[in-house]
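Architecture and fold: a report
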Amino acid sequence: MTAEMFDAFYRGTVPRLTRYAFGLTGDAGEAQDLVQEAYARAWQHWRRVGAYEDVEAWLRLVISRLVKDRWRRLLVRRAAAASAPPLPPVAPPSEETVLLVAALRLLPFEQRQAVVLYHLLDRSLADIAAETGANLNTVKTRLTRGRAALAALLTADTATNAGGAHVHGA
Amino acid sequence: MSTELESYFAALRDDVDTLPAAPPAAARHRGERRRRRHTVLVTATAFAAVAAVVIALGFGLPRGGPPADRVTTPPAPVETDPVPKFQPLTPVPTGIALSTAGTPVPGTTMTIGDRAFVCWQGPGGQATVAAIDLPTGATAWGPVKLAAFADFAAVYYHPGYVLVMGRNDNGAKPDGAIFALDPRTGRTLLHVDVDSFEADDVIIGVSTLVIASRTDGQTRGYDYATGEVRWTVPDPASRIVHSLPMQHGSGRPAAAGRASLGAVLATDQFVQLTEDGTAILRDLATGVEKARRPGADKPGTVGIMMATALDGILYTTDHTTLKTLRATSLTDSTPTTEIYKTPQRVGIGPPFVCGKARICFKESTEDPGYFVGFDTERRQVVWRQDGTADTVQVVDGRALLVLSGATAQDRSAVIDPSGRQLLKPSAQAGRVTWVTSQSALVFTAEPNSGQDRKVAGLSPLDGDPVPLGSIGTVTGCSSSRTHLICIAAAGIKVWRFAT
């Protein structure tokens, strides 16, 4: 029964978690690895974690910590490379996604996290404040600055791309 | 721009939502492997030093000062190991009750001689330890409360001390701690905080505990008996990125063939890898440098340990391509050489010691991948087993593997030096653990599966399993030569299974 509950929870939440991880990392493979690692940790402690009021928030916390800690990210990647079968290939992302991902990578982590939670997961400002431990005004500031930076970066990238002179590394 | 920004995010959502996700069972299996990695500190062999010490101690508990790291007494011949005479499981009542929430309290057990040590987490994550005398079920000491940990706390095998490791794994500093308790009294002899279990390396010797801290760049050797720092070695100019024990392939298991949970590495030397790829061999008891080999590994080695050291040779996998295995002698000046290259598009996992002149490692890209035994002298693969091994324990050159695939039930293999699987098919389904060098227990169903687990005895190893009985829904089992101890929902359970 516990495994069934976990599986149902997994199926219901994995798309959102993948969105979150992709928004933070900008890399599909890395996002998939991080999401798997987060769920693996949840199952490892499912007796305790499964009783949490908001398990999905706990998973996002795990992903955030892994993204912020380069060392831990490497551990996850190496472990996945050494043991996990690869997932099937997917079509390349759209031009808009490539540009947005490249711009997101240039934001400080806190701004990127606020933008991703707001725009990709539809979290309210109050939710983001609660989840990140910041006050509401700080969240507003991060979001405003993040969006302004993205707008500037995307405008510049679009202009540069129109000239055909810039190659993105995303 | 706000509307334009929304269109970018909409495009990103559409792209991400097409990404395939692995099945939930894959995440659960990965979680189970994490759990086992945590509860089995080092999945490798136990060594002659441990066996020699335990044999010398008779009952198995230390009587004097700390045992020596160096091995001066060769292990006893295999034939002298007493083979247990199996009998149906007979419960032995114990006096320790745990939570009755319906599922077993997460916990671990280990045995030294006829005494078992149990560690579980109480309310708030409080690590708690107790000792039970197996023949009578009586509580020898405890419960002793140590400290609270957010993630897990577990007891690990050592021939002379009760080692407990607790971990927070929530970004807190310190990440956790290691304790050494006197097995006779439960008194705490050593308590060391560990800044980060993922960044720092911990090596368990018989008398010395080594922790290479990445926070302050110092490697320290601790005396279990006093808790004091015996020696400190600062990082060289190129910082240390990994520390690992120098293992001995001709070793015997802990406690004369009875490998307890968390088989410990007893060794007299260890190897440190620096960021520029230099290998430094050090004495475990003193920290003194014994040898240094530049170019042993590729510079910039970080992340999961991709090396092992056996009988004076360091084996590393190329951490950039995960395709090759290289060997560096730390006892002579032979240049580093590539000894194995995986087939095209196949990755190589961290290597383990699988016996004398035997390294084993995972090769994968196809599901479920396979585990490979490699002869380091002839430089060729000598066996392959499907799946990923989460436990590797070597007894007299025979490697016991517990293997899991992406979805299949665990299965076990005992591989002799020629590469032959010793277990009959009827004994392969389940998790096998050593009892003596000639006998084993076979457990059906995985720990934490919620299923009734059954136990069978196996002696000789290539014989038919002898059904011993059911042990219900339990976790954290270990055994002596005659008794089995596990953690159930209602409390600690002990059974006699042999005379």
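Residues numbered from 1 in each chain as written. Chains lettered and ligands numbered in written order. Predicted model: local features only at pLDDT ≥ 70, side-chain atom pairs only at ≥ 80, totals over all residues. Heavy atoms only, no water.

Considering the overall build of chain A
Within chain A one finds nine helices and zero strands. When the helices and strands of chain A are read in sequence order from the N terminus, they spell out α-α-α-α-α-α-α-α-α. For chain A, with 170 residues in total, the buried portion stands at 49%. In chain A, 68% of the contacts between residues at least 6 apart in sequence involve partners at least 24 apart. Within the structure as shown, chain A displays about 7700 Å² of accessible surface, and the carbon and sulfur contribution to it stands at 55%. (Helix = DSSP H or I, 4+ residues; strand = E, 2+ residues; numbered from the N terminus. Buried < 20%, exposed > 50% of the residue type's maximum accessible area, 1.4 Å probe, protein only. Contact = heavy atoms within 4.5 Å. Areas by Shrake-Rupley, 256 points an atom, 1.4 Å probe, with all protein chains shown as cover.)

Side note on the side chain of Asn 168 of chain B
Residue and element names in this part refer to chain B. Turning to its location among the elements, Asn 168 is positioned in the loop between strand 7 (162–167) and strand 8 (176–181). Since its relative accessible area comes to 14%, Asn 168 is described here as buried. Polar contacts involving the side chain of Asn 168 include one to the main-chain amide nitrogen of Ala 150, which spans 3.0 Å. Those residues in contact with Asn 168, other than ones at most four positions away along the chain, are Ala 148, Phe 149, Ala 150, Asp 151, Pro 174, Asp 175 and Gly 176. (Polar contact = N/O pair within 3.5 Å; in protein donor to acceptor, adjacent residues only side chain to side chain.)

Things to note about the environment of Glu 30 of chain A
All names here are of chain A. For Glu 30, the location among the structural elements is in helix 2 (residues 28–44). Residue class for Glu 30 comes out buried when judged on its relative accessible area of 10%. Residues Glu 30 and Val 67, 37 residues apart in the sequence, show an inter-C-alpha distance of 9.6 Å.

So, the sheet that holds strand 12 (residues 218–223) of chain B
Note: strands within a sheet are paired through backbone hydrogen bonds, in either parallel or antiparallel orientation. All names here are of chain B. The strand order across the open sheet built from four strands is 10-11-12-13, with neighbouring strands paired in antiparallel fashion. On the outer flanks of this sheet lie strand 10 (201–204) and strand 13 (229–234), each paired with one strand and no other. If you compare each strand with its neighbour and ignore which way they point, the axes differ by 15° on average. (Pairing = 2+ DSSP bridges. Axes fitted to C-alpha atoms, helices over the stretch in contact; angles between N-to-C directions.)

Some words on the nonpolar core
For soluble globular proteins, nonpolar side chains are generally found buried alongside one another. In terms of nonpolar packing, the biggest core is built from 53 residues, with Phe 6, Tyr 39, Leu 59, Ile 63, Leu 100 and Leu 150 of chain A together with Leu 12 of chain B touching the most fellow members. Top element by residues in this core is helix 1 (residues 2–25) of chain A. It accounts for nine residues. Summarising the domain contributions, this core has at least three residues from each of domain 1 (3–83) and domain 2 (95–162) of chain A. Discounting residues that sit within four places of it in the chain, Leu 150 of chain A has contacts with Leu 100, Ala 103, Leu 104, Leu 107 and Val 115 of chain A together with Leu 5 and Phe 9 of chain B. (Core = buried A, V, L, I, M, F, W, Y, C linked by side-chain atoms within 4.5 Å. Domains from an automatic or database assignment.)

A short note on the confidence of the model for chain A
Residues and elements named next belong to chain A. Looking at chain A, the pLDDT average stands at 79 and 78% of residues meet or exceed 70. The least confident element of chain A is helix 5 (residues 70–83), whose mean pLDDT is 51; the most confident is helix 7 (residues 109–119), at 92. Taken as a whole, residues 161–170 scores under 50 in pLDDT and shows 16 contacts with residues more than four places along the chain or in a different chain. (pLDDT = per-residue confidence, 0-100.)

Examining the state of the cysteines
All names here are of chain B. This structure, assessed with the given rule, holds two disulfides over all chains. Across a sulfur-sulfur distance of 2.1 Å, Cys 477 and Cys 486 are joined as a disulfide pair. On the sign convention where negative means left-handed, the S-S torsion of about 115° between Cys 477 and Cys 486 marks this disulfide as right-handed. In chain B, numbering the disulfide-bonded cysteines from first to last in sequence yields the connectivity 1-2, 3-4. (Disulfide = S-S within 2.5 Å.)

Looking at the pairing of strand 20 (residues 324–329) of chain B
Moving residue by residue along a regular strand, the side chains alternate between the two faces of the sheet. Residues and elements named next belong to chain B. Burial analysis of strand 20 places six of its six residues in the buried class, the great majority of the element. Relative to strand 20, strand 19 (residues 313–317) runs antiparallel, the two sharing five bridges. Bridge pairing in strand 20 places Ile 313 opposite Ser 329.

Things to note about helix 7 of chain A
Note that an α-helix has 3.6 residues per turn; residues three or four places apart therefore point the same way. With respect to burial, helix 7 of chain A is a largely interior element, nine of its 11 residues being buried. Inspection of helix 7 of chain A places Phe 109, Gln 111, Arg 112, Gln 113, Ala 114, Val 115, Val 116, Leu 117 and His 119 of chain A among the buried residues, and these make up the whole buried set.

Here's the deal with the packing of helix 1 of chain A against helix 2 of chain A
All names here are of chain A. Following both chains from N to C, one finds helix 1 and helix 2 inclined at 145°, their axes separated by 9 Å at the closest point. In this structure, helix 1 meets helix 2 at a crossing whose hand is right-handed. Residue-level contacts link Thr 2, Ala 3, Phe 6, Phe 9, Tyr 10, Thr 13, Val 14, Leu 17, Thr 18, Ala 21, Phe 22 and Thr 25 of helix 1 to Ala 28, Glu 30, Ala 31, Leu 34, Val 35, Gln 36, Tyr 39, Ala 42 and Trp 43 of helix 2. Partitioning the contact of helix 1 with helix 2 into residue classes produces 15 nonpolar, five polar and one charged. (Left-handed = near helix turned anticlockwise from the far one by under 90°. Nonpolar A, V, L, I, M, F, W, Y, C, P; charged D, E, K, R; others polar.)

Notes on the packing of helix 2 of chain A against helix 4 (residues 55–68) of chain A
Residues and elements named next belong to chain A. At a minimum axis distance of 9 Å, the contact between helix 2 and helix 4 shows a crossing angle of 125°. In terms of orientation, helix 2 and helix 4 fall into the oblique class. As helix 2 runs across helix 4, the sense of the crossing is right-handed. Contact residues: Leu 34, Val 35, Glu 37, Ala 38, Tyr 39, Arg 41 and Ala 42 in helix 2; Trp 58, Leu 59, Val 62, Ile 63, Arg 65, Leu 66 and Val 67 in helix 4. Its residues placed into classes, the contact of helix 2 with helix 4 shows 11 nonpolar, no polar and three charged. (Parallel < 35°, antiparallel > 145°, perpendicular 65-115°, else oblique.)

Regarding the confidence of the model for chain B
All names here are of chain B. Per-chain confidence: chain B averages 79 in pLDDT, with 78% of residues scoring 70 or above. Averaged pLDDT values over the elements of chain B bottom out at 28 in helix 3 (residues 48–57) and peak at 97 in strand 13. Taken as a whole, residues 39–80 scores under 50 in pLDDT and shows 110 contacts with residues more than four places along the chain or in a different chain. What the predictor reports for the complex is a pTM of 0.68 with an ipTM of 0.83.

As for the sheet that holds strand 3 (residues 115–121) of chain B
Residue and element names in this part refer to chain B. The antiparallel open sheet is built from four strands, whose spatial order is 2-3-4-5. The open sheet has two free edges, formed respectively by strand 2 (107–112) and strand 5 (138–148), since each of these has just one partner strand. Neighbouring strand axes in the sheet, compared pairwise and without regard to direction, differ in orientation by 15° on average. Bridge count for strand 2 against strand 3 is six bridges, and the pairing is antiparallel. Paired with Thr 111 across the strands is Ala 116, a residue of strand 3.

Some thoughts on the pairing of strand 31 (residues 439–443) of chain B
Residue and element names in this part refer to chain B. Counting buried residues in strand 31 gives five out of five residues, a clear majority hidden from the surface. The alternating pattern of strand 31 places Ser 439, Leu 441 and Phe 443 on one face and Ala 440 and Val 442 on the opposite face, and all of these are buried. Here strand 30 (residues 431–436) runs beside strand 31; their pairing, made up of five bridges, is antiparallel. Paired with Val 432 across the strands is Val 442, a residue of strand 31.

Things to note about the pattern of salt bridges
According to the stated counting rule, one finds 21 salt bridges over all chains in the structure shown. The partner of Asp 122 of chain A in a salt bridge is Arg 13 of chain B, and the shortest N-O contact between them spans 2.6 Å. Of this pair, Asp 122 of chain A sits in the loop between helix 7 and helix 8 (125–132) while Arg 13 of chain B sits in helix 1 (residues 2–17), on two different chains. Note that Asp 182 of chain B and Arg 184 of chain B form a salt bridge whose closest N and O atoms lie 3.2 Å from each other. Since its relative accessible area comes to 39%, Arg 184 of chain B is described here as partly exposed. Connected through salt bridges with shared partners, the residues Arg 16, Glu 56, Arg 60 and Glu 131 of chain A form a single ionic network. (Salt bridge = Lys/Arg side-chain N within 4 Å of Asp/Glu carboxyl O.)

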